[in-house]
Structures are given as structure tokens and as C-alpha cells.
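# Coordinate analysis (summary)
Chain by chain, the residues run as shown.
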Amino acid sequence: CAVAKTFTNARDFQTELTIRLLHGAPGAPASETSPLGRVTFVDLPPGPRGFMRMQVVFAVDENGTVAIGATDLDSGDPVLATAA
């Protein structure tokens, strides 16, 4: 199972973007979910808000392992990430 979402930078000259991963029912409030972790995309090109557009793919395999990857939509280059 996989889904792709597009994200942009929310602040001017933002060079990192962190996404929190939660486990729960779709649309459930954060208080009713369990944290899975977070991923931070680093070394984003600085620019005005909305300048950086990246497609993030979230995939879950048959064992429940989550894989995350991102691509810069303008250059086609992969986006570096760190997980916590």
C-alpha cells in the first residue's frame, strides 16, 4: 500500500521540513493516535514560502514496515531525510 502527498515549505527560506507519523483512523484527532516517529527532510533549497515542492511517498509493506521517500518536484532529485 502506498500513497503520495505533495508538501511545500511553509516559511520563507526554510531548509528543513519535519513530518510527524501517527497511527490511527483516518481523520482522527492527534489525541486518539499513536506516534510512529518523525522524518525530517534536510538541505532544502532556501526560497520564499511555497517555493520548494516535494512529493513524499509513504509505503507500507505486508509486514507493516513503513518506507518514506521524497522527490523535489522541480528538479526530480531525491530529497535527503533523517528519521527519529
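Residues numbered from 1 in each chain as written. Predicted model: local features only at pLDDT ≥ 70, side-chain atom pairs only at ≥ 80, totals over all residues. Heavy atoms only, no water.

Before going further, it helps to examine unusual backbone geometry. The residue F13 is not glycine, and still its phi comes out positive at about 60 degrees. Summarising the element assignment, F13 is placed in the loop between strand 1 (2-8) and strand 2 (17-23). Owing to a relative accessible area of 58%, F13 belongs among the exposed residues under this scheme. Phi angles above zero are rare outside glycine, and D43 is one such case at about 60 degrees. By the secondary structure assignment, D43 is in the loop between strand 3 (34-41) and strand 4 (53-60). When its relative accessible area of 63% is taken as the criterion, D43 is described as exposed. (Helix = DSSP H or I, 4+ residues; strand = E, 2+ residues; numbered from the N terminus. Buried < 20%, exposed > 50% of the residue type's maximum accessible area, 1.4 Å probe, protein only.)

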